[in-house]
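# Architecture and fold: a report
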Amino acid sequence: NWSVALSSGSSFSNNVTWLPTTFEDAEVLSADFDGDGADDLLGFYPETGEIQVALSTSNAFSTPTTWLVSFGTDSSQYFVGDFDGNGQDDFIVYHDNGSFEVATSLGDSFQDRGTLGNSFPTDTNQIAIGDLSGDGRIDLVGYTINESNISWQNASWDVLVSNGSYFVFENDWEMETDGVMGYFNRKWDTIKENLRDFGSKLDSLRAKFSKKRRISL
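Rules used in this analysis
Residues numbered from 1 in each chain as written. Predicted model: local features only at pLDDT ≥ 70, side-chain atom pairs only at ≥ 80, totals over all residues. Heavy atoms only, no water. Helix = DSSP H or I, 4+ residues; strand = E, 2+ residues; numbered from the N terminus. Contact = heavy atoms within 4.5 Å. Pairing = 2+ DSSP bridges. Axes fitted to C-alpha atoms, helices over the stretch in contact; angles between N-to-C directions. Core = buried A, V, L, I, M, F, W, Y, C linked by side-chain atoms within 4.5 Å. Buried < 20%, exposed > 50% of the residue type's maximum accessible area, 1.4 Å probe, protein only. pLDDT = per-residue confidence, 0-100. Salt bridge = Lys/Arg side-chain N within 4 Å of Asp/Glu carboxyl O.

Mapped onto the secondary structure, Gly98 falls in the loop between strand S8 (90-94) and strand S9 (100-105). Remark: the alpha-carbon pair of Gly98 and Phe120, spanning 22 residues in sequence, is separated by 4.6 Å. Beyond its immediate stretch of four places on either side in the chain, Gly98 contacts Ser119 and Phe120.

The structure is reproduced here in structure tokens:
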């Protein structure tokens, strides 16, 4: 059974059963797949590639239905987030060869978009997602350990930015640290070169693009 304890902002209610069935042997994630503002449940079966979704009615989950089949088999990591910026969360799988497959939400089913864009190095140790560019679409961060100096401050960081159609590798990001938290920041030298023809707009654009994005590690 799947139970929910609703938040009032200061406490949680008693848990109530919202779905009296289970996603047996599935990888389960939660996100807003139909764009109504309420998070839903997704069950992914890696061996068969079937994706089932139980939509939230705000006081229960509907009976799970199949939204896509034969997707992302043999994948090793799974993510949800709004890849194309349409307000409906999508499903992304990662393969150990560094590639990603994307299934975009149509509100009542997923569309298999296949492998979109660049890949991470095959020795990437950990992957995180977040909207690093502030455009409302999720981006991907890959972390690769430096075996000679194992710490996240000395690791390699790769960023794949979503443009709504593809994940694009961008090498103009750098990791900064205050010793506790890590920040991704666009390198201003790269942005300045890209925007040299904008003249008088340069200062305002610099303030926009040099804004630091905090991520959790």
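The strand order across the open sheet built from four strands is S7-S8-S9-S10, with neighbouring strands paired in antiparallel fashion. The open sheet has two edge strands with one neighbour each: strand S7 (77-81) and strand S10 (110-115). For this sheet, the mean inter-axis angle between neighbouring strands, taken without regard to orientation, is 20 degrees. The pairing of S8 with S9 spans four bridges and is classified as antiparallel. Residue pairing across strands places Ile92 opposite Val102, the latter belonging to S9.

It is worth spelling out the nonpolar core at this point. Grouped together as the largest cluster of nonpolar side chains are 16 residues, with contacts concentrated most on Phe33, Leu42, Phe44, Ile51, Phe71, Phe91 and Phe110. Elements that contribute at least two residues to this core include exactly strand S3 (27-31), strand S4 (40-45), strand S5 (50-54), strand S6 (65-68), S7 and S8. In this structure Leu42 touches Glu27, Val28, Leu29, Phe33, Ile51, Gln52, Val53, Phe91 and Phe110, once residues within four positions along its chain are discounted. Of all hydrophobic cores here, the second largest spans 13 residues; its members include Phe83, Val102, Phe120 and Ile127.

Right, let's get into the pairing of S4. Taking burial as the measure, the six residues of S4 include six buried ones, the bulk of the element. In S4, alternate side chains face the same way, and those of Asp40, Leu42 and Phe44 on one face and Leu41, Gly43 and Tyr45 on the other are all buried. Across five bridges, S3 lies against S4 in antiparallel orientation. Residue Leu29 lies in a different strand from S4, and its bridge partner there is Leu42. In the sheet, S4 pairs with S5 via five bridges, with the strands oriented antiparallel. In the strand pairing of S5, Gly43 is matched with Gln52. Counted between consecutive antiparallel strands, the loop separating S4 from S5 contains four residues, among which Gly49 sits at a positive phi close to 80 degrees.

This next bit is on the sheet that holds S5. The strand order across the open sheet built from four strands is S3-S4-S5-S6, with neighbouring strands paired in antiparallel fashion. Only two strands of the sheet have a single partner each, and these edge strands are S3 and S6. Shown here is a sheet whose adjacent strand axes are inclined to one another by a mean of 30 degrees, direction ignored.

The next thing to look at is the confidence of the model for the protein. Averaged over every residue, the pLDDT of the protein is 81; the share at 70 or more is 74%. Within the protein, the element-level pLDDT minimum falls on helix H1 (residues 188-194), averaging 41, and the maximum on S6, averaging 98. Scored below 50 in pLDDT, residues 179-184 makes 29 contacts in the model with residues more than four places away or belonging to other chains. Counting contacts from residues 186-202, a segment whose pLDDT is below 50, to residues more than four positions away or on other chains yields 19 contacts.

A word on the pattern of salt bridges. Here the structure, examined in full by the defined rule, presents one salt bridge. Residue Arg137 pairs with Asp135 through a salt bridge whose shortest N-O separation is 3.1 Å.

Once that is clear, we can look at the environment of Gly164. By secondary structure assignment, the location of Gly164 is in the loop between strand S13 (156-162) and strand S14 (167-170). Here Gly164 falls in the buried class, since its relative accessible area comes to 14%. Considering only alpha carbons, one finds Gly164 and Arg137, 27 residues apart in sequence, at a separation of 7.1 Å. Beyond its immediate chain neighbours, meaning those up to four positions away, Gly164 contacts Phe83, Asp84 and Arg137.

Structurally, Thr124 can be placed in the loop between S10 and strand S11 (126-130). Residue class for Thr124 comes out buried when judged on its relative accessible area of 12%. Once you skip the residues sitting within four places of it in the chain, Thr124 turns out to touch Tyr94, Gly142, Tyr143 and Thr144.

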